[in-house]
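# Survey of secondary and tertiary structure
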Amino acid sequence: MRHFFLILLFFSVEATLAQTVTGVVREKGTGLPLPFANVFVNNTTYGAASDENGEFKLTGDFPSEIEVVASFVGYVTGVQVVSFQGKNEVRVEFELAFNESSLSEVELKSKRDKSWERDFRRFEEVFLALPDDPYRSQIEIHNPWVVDFEKVKVEKGPNYLKASAQEPLKISNRALGYEIVFYLQDFRMLRNASRFYGQVFYREMDPIDSLTGARWESGREGVYRSSVRNLNMSTLLNTMDSLELAVYYVLPDKEDRKRTNDFTVEINKSLKPVAVDSILKRPLGNGNYRIFLPGRMEVHHLDKPWRNDYYINVSHAISWIQAPEGYYDVDRKGIPVNPTQLLLSGYLGRQRLARILPLDFVPDKKFEISETVAEVVSSPAARLNRLREKVWLTSNKEYFYPGETVWLGGKMLYQEPSLGDTLSRVVYVDLVDKDSEIIQSATFSVEQGKINGGLELSQDLLPGDYVLRAYTHWNRNFSEGDQFVLPFPVLKPGFRPEVETKEQESYFGEILVDPEFSITDSLTYRVMDLNLEFRDQFDNPIDGDFVLSLTDVDAVVDMDQGIRLEQAMNWLDRGLAETFRSELTFPIEYGISLSGKFIPDNKRRPPVNPITIVRGDLEDYGRVLTDSTGIFWASGLYYADTAQIAIAALDEKMNPYGSVELFFRDSPVLPNDLPKYSYKIEPIPVEDHSLDLSGDFILLEEFVKEEEKTRETMADRNYGYGEPTQEIGPEDLEKLTFIDIWGKLRFRGGQFGNYNFGEKTGMPLLIINGQSLPYLTEREFEEILIQYEPSQLESIKVYSDNIDKSIFGMAGYAGVIMIETKKGFRTGPESDRKFNSSGFQLFPVSGFTEFPEFPKNPPADRYLRKKPTLYWEPNAKTTEGLYKSTIKIPYGVRAIRLKVEGVSVDGEVFYQVMEMEL
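Residues numbered from 1 in each chain as written. Predicted model: local features only at pLDDT ≥ 70, side-chain atom pairs only at ≥ 80, totals over all residues. Heavy atoms only, no water.

### Section: the overall build of the chain
As a reminder of what qualifies: Labels follow the DSSP assignment, with helices taken as runs of H or I lasting at least four residues and strands as runs of E lasting at least two, numbered in each case from the N terminus. Burial classification: accessible surface area is computed with a 1.4 Å probe over protein chains only, and a residue below 20% of its type maximum counts as buried, one above 50% as exposed, and the rest as partly exposed. It only takes one pair of heavy atoms within 4.5 Å for two residues to be counted as in contact.
Counting its secondary structure elements, the chain contains 13 helices and 54 strands. Scored against the burial criterion, the 918 residues of the chain give a buried share of 49%. Nonlocal contacts in the chain, meaning residues at least 24 apart in sequence, comprise 72% of its contacts between residues at least 6 apart.

### Side note on helix α3 (residues 210-225)
The condition that has to hold: Multiplying one less than the number of residues by 1.5 Å gives the expected span of a helix. Think of a polar contact as two N or O atoms within 3.5 Å of one another; within protein, one of them needs to be a possible hydrogen donor and the other a possible acceptor, and neighboring residues in sequence only count if both atoms come from side chains.
Compared with an ideal rise of 1.5 Å per residue, which puts 16 residues at 22 Å, α3 spans 23 Å between its outermost C-alpha atoms and is within 8% of the ideal. Those residues of α3 that sit buried are Thr212, Trp216, Ser218, Gly219, Arg220, Glu221, Gly222, Val223 and Tyr224. In this structure Asp209 caps α3, since a side-chain oxygen of it lies 3.3 Å from the backbone nitrogen of Leu211.

### Observations concerning the environment of Val485
Assignment of secondary structure puts Val485 in strand β28 (residues 484-490). Residue Val485 is classed as buried on the basis of its relative accessible area of 11%. Distance from Val485 to Val391, taken between C-alpha atoms, is 9.3 Å for residues 94 residues apart in sequence. Setting aside its immediate chain neighbours within four residues, Val485 contacts Val467, Leu468, Arg469, Ile563, Pro671, Leu674 and Pro675.

### A word on the packing of aromatic side chains
To keep it simple, the criterion reads: Between 30 and 60 degrees the pair is tilted, below 30 it is stacked and above 60 it is edge-to-face, where a pair is any two Phe, Tyr or Trp rings, Trp via its six-membered ring, whose centres lie within 6.5 Å.
What the rule picks out here adds up to 39 aromatic pairs. Considering the side-chain rings of Phe400 and Phe488, the 5.0 Å spacing of their centres and the 10 degrees angle between planes classify their relative orientation as stacked. Of this pair, Phe400 sits in the loop between β22 (389-395) and β23 (405-414) while Phe488 sits in strand β28; the two residues are 88 residues apart in sequence, bridging distant segments of the chain. Residue class for Phe400 comes out buried when judged on its relative accessible area of 0%. A relative accessible area of 3% means that Phe488 is categorised as buried. When the ring of Phe598 is compared with that of Tyr657, the centres are 5.5 Å apart and the planes differ by 85 degrees; the resulting orientation is edge-to-face.

### Digging into the sheet that holds strand β33 (residues 592-599)
Formally: What makes two strands pair is DSSP finding at least two bridges between them. Angles shown run from 0 to 180 degrees and are taken between the N-to-C directions of axes, each axis being a line fitted to C-alpha atoms and, for helices, limited to the stretch in contact.
On the basis of which strands lie adjacent, the open sheet formed by three strands has the order β36-β33-β39 and antiparallel pairing. The open sheet terminates on both sides in strands that have one partner only, identified here as β36 (631-637) and β39 (659-663). Sheet twist, expressed as the mean angle between neighbouring strand axes with direction ignored, is 30 degrees. Strand direction decides the pairing type here: β33 and β36, joined by six bridges, are antiparallel. Along β36, the bridge assignment pairs Gly596 with Phe632.

### Points about the pattern of salt bridges
Where charged atoms from two side chains of opposite charge come close, those side chains can pair. To keep it simple, the criterion reads: Definition used for salt bridges: Asp or Glu carboxyl oxygen within 4 Å of a side-chain nitrogen of Lys or Arg.
Throughout the structure, instances matching the rule amount to 34 salt bridges. Its salt-bridge partner being Arg26, residue Glu93 comes within 3.4 Å of it at the nearest N-O pair. On the criterion of sequence distance, the pair formed by Glu93 in strand β7 (residues 89-96) and Arg26 in strand β1 (residues 19-27) is long-range, its members being 67 residues apart. According to the relative accessible area criterion, Glu93 is partly exposed, its value standing at 47%. For Arg26, a relative accessible area of 26% translates into the label partly exposed. The residue Glu398 makes a salt bridge to Arg564 at a minimum N-O spacing of 3.3 Å.

### Concerning the sheet that holds strand β42 (residues 726-728)
Taking strand neighbours across the sheet as the criterion, the five strands line up as β42-β47-β48-β45-β46 in an open arrangement whose pairing is mixed. At either end of the open sheet lies a strand with only one pairing partner, and these are β42 and β46 (771-773). Going across the sheet, the axis of each strand differs from the next one's by a mean of 15 degrees, ignoring polarity. As judged from the six bridges shared by strand β47 (residues 793-799) and strand β48 (residues 816-821), these two strands associate in the antiparallel manner. Note that in β48 the partner of Val798 across the bridge is Ile817.

### Concerning the nonpolar core
As a reminder of what qualifies: What is meant by a nonpolar core is a set of buried Ala, Val, Leu, Ile, Met, Phe, Trp, Tyr and Cys residues, joined one to another through side-chain atoms within 4.5 Å.
If you look at the biggest cluster of nonpolar residues, it comprises 55 residues, and the most contacted ones within it are Phe123, Phe127, Leu169, Ile171 and Ile321. It is strand β12 (residues 178-189) that contributes the most residues to this core, six residues altogether. Residue contacts for Ile171: discarding those within four places in its chain leaves Phe127, Leu128, Ile139, Glu140, Ile141, His142, Tyr178, Glu179, Ile180, Phe182 and Leu353. Counting 50 residues, the second largest nonpolar core, distinct from the first, contains Val446, Ile451, Ile588 and Val903.

### What to know about unusual backbone geometry
One non-glycine residue, Asn43, lies in positive phi territory at about 65 degrees. Structurally, Asn43 can be placed in the loop between β2 (38-41) and β3 (47-49).

### Re the environment of Val250
On the secondary structure map, Val250 appears in strand β14 (residues 245-250). Val250 sits 20 residues away from Ser270 along the chain, and the two C-alpha atoms are 5.9 Å apart. Ignoring any residue separated from it by four or fewer positions in sequence, one finds Val250 in contact with Ser270, Leu271, Arg296, Met297, Glu298 and Trp320.

### Thoughts on the side chain of Asp552
Checked against the element boundaries, Asp552 lands in strand β32 (residues 544-552). Setting aside anything within four residues of it in sequence, one finds Asp552 in contact with Lys866, Lys867, Pro868, Leu870, Val893 and Ala895.

### Some thoughts on helix α4 (residues 228-237)
For α4, a buried count of nine out of 10 residues is recorded, marking the element as mostly surrounded by other parts of the structure. Those residues of α4 that fall on the buried side of the exposure criterion are Val228, Arg229, Asn230, Leu231, Asn232, Met233, Ser234, Thr235 and Leu236. Positive backbone phi, at 55 degrees, marks Asn238, one or two positions downstream of α4.

### Description of the environment of Ile439
Along the polypeptide, Ile439 turns up in strand β25 (residues 438-447). Residue class for Ile439 comes out partly exposed when judged on its relative accessible area of 41%. Between the alpha carbons of Ile439 and Leu461 there is a distance of 8.8 Å; along the sequence they are 22 residues apart. Residues in contact with Ile439, not counting those within four places in the same chain, are Leu431, Asp433, Leu461 and Tyr466.

### Quick look at the confidence of the model for the chain
Inclusion rule: Each residue gets a pLDDT score, which is the predictor's confidence in that residue and runs from 0 to 100.
For the chain, the average pLDDT comes to 82, and 85% of its residues sit at 70 or higher. Within the chain, helix α6 (residues 371-374) has the poorest average pLDDT of any element, 36, and strand β24 (residues 426-432) the best, 96. Every residue in residues 504-508 scores below 50 in pLDDT, and together they form 20 contacts with partners more than four places removed in sequence or on other chains. This model gives residues 754-759 a pLDDT under 50, and the stretch forms 13 contacts once residues within four places in sequence are excluded.

### A short note on the pairing of strand β17 (residues 289-292)
Of the strand pairs in this sheet, strand β16 (residues 281-283) and β17 are connected by three bridges, and their pairing is antiparallel. If you follow Pro283 over to β17, its bridge partner there is Tyr289. From the end of β16 to the start of β17, which pair antiparallel, there are five residues, and Gly285 there has a positive phi angle of about 90 degrees.

Rendered as structure tokens:
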């Protein structure tokens, strides 16, 4: 199919005489004149005030059809369309009605709440400028309280958010030097689309110095050059500069061809270059022109550097323009007569009020635009602010006891949500005491912006006020305020926070949660079928992600002092100080990370060396390069507990050389003021003080005896090998080195004392966590033991003198060393190893913290013990507004407290607490 364009005629833009609009402004009903009323031509700098008789006069170079606007405080704004139709002077009369619904400034300000603030932030992104636009920090609404929001329910079609303003919006655009008054007539925002219109009057600001004036002048020229108006004028006059704009016709997709992201490959395949003089345009006889487009056009702004994710080899801005009706109309200045005739996307689709010029702006074609002046470059602090992230966590309850299990859930907050996929995948959590000492630490993964974790508190943890601190490696580049710090009371067993009678507070926002449940009884526990229905204010189902917890009302006091998600999101409104600077020395982590330094074994080695990293027996591996100083960084490992990591620099023949020093992660400085809950404690009035434990069930009576028999583990029974000759326990392993340990065990030169003197018996049998590793060479024996530090071990048991050799067979003839590792260090070489670690340095490196998942499905043959937390789900999600779950409830629970906290797909935060009698 051939595509062609015709030029039907040449034309010139006519010079016109100045036009004049005169008229009067009166009060409707009385006919009295309204002196000092504001009258202006919409979207221009042409304006005047009416005199004492209500008369006004406007003169300028106007298009053939304009909108004239008249406004007066307390009255409904009047708008009239004026058509000159060959005349140079037109008179209009306005009758303004009193605005009976207008509210006072105090009344308007009092309407602001959290929901309003969230809506207003979204309103600014659509109305003023996108968050990443450098102009965003340069434009401001001075009277935001006049804006009100409502959600409109539509019978056919999607509901939308509507904004209205009781008074005109007063706006300063310091990027272009305009004071703007905007009379908002309609604003609608859907999930993936938006529109707004109104009448706007521009007044040029007075620059404070010549540099500011030059910046404004250059900025206006730059905005014009990147506007659809300039594109239209270039099309009308056939003056499109090949160094400024290039236009391509987007060819229809072919089923047998897949589009690439290489611009040079796509030329004449999916894109056809279009000569500007081949685009069809036609005069309409009324001073306007019609431009015909055959389909979707791709416009390249060649003089506009811009990051580009669409093509790999294009570094300038790209726009797409399409006329659904095949054409659109413009006036003689290139201004679209009806903007709805055009669909804009890409760079042109980013245009907001911050980048809209008054229609009477006249560009200086001789003006040479300096990109460094024309584009208001955002400050370093503003650019860094877009890269910030922060952790938000919540727990199954607000206070704990020594020995309890703490379940955690939460999400990442991003200053720029579109960058969430490229930021941290690892979160660090510390339990910190009142002296700022870290008592316990954990590492959890971030999955699609969500966090799920848990901590098992020590039985020896002293009661007191602690804090839970959470952070990422990346947000260490920013201020201490980007750390998440949550008060964490640990109470003395037998006591609880003092109960205060207060009204239950919940943050509903625009979302309501309606619970329904039914209860059935079984032999060992009760079964609750829970349905949660999420609906907006128009009774429409709405989806979202949330954290769900159910607690026993009689066992848990609701302190209602946690950091709610709605509060945490206030951080999004706090940017960095303009003076803030950061070298971003802490890289983003995409998994467990390693950093270290390579030390060459001779000076002839290159300054940059490849470092090979292997986890375990080739479960994972990769290669990174050092910098010129030998420093290397690797990220992206995923494993739980602790793994053996082998690291070496390999030459072309895969031979290791040099050595490696591994750096271990330190912790950031804590904020100066650690938060603390305000509470008193009182004795628990009942003797049964239940705790939250990961396994809370009791075997039925007929199985108790059998349970007692199996409670002893294989490790406790030495895997059936009987009592050892010698044993080193945890106490000695914490303080002795392996040299001291081998001396204490009389193990020298691969033998135990004089046990096998004179016999060629080989190395002792090595058993690690019950796994036998027989017939090892001395080198293999050493490679395995070097993986462990004594502090990682639970015990070392030796079978040497007086053992029954038949127990171990020939493999144990030289004796047996049995090693049991602590929980979290159960790693080691398999007997069928694939990776030869010869020449590599071996390091034990901690991975993600393993934690007990909440026991949602206890065995049917066991009683479910009464406990404070009945259910915990940190990754709950609705489907078509509905969440369903089956929950096992212990007998004896009278009532439950249900909490939901999360955010809808539209970004609406909700938090609701309900108590339900069973």
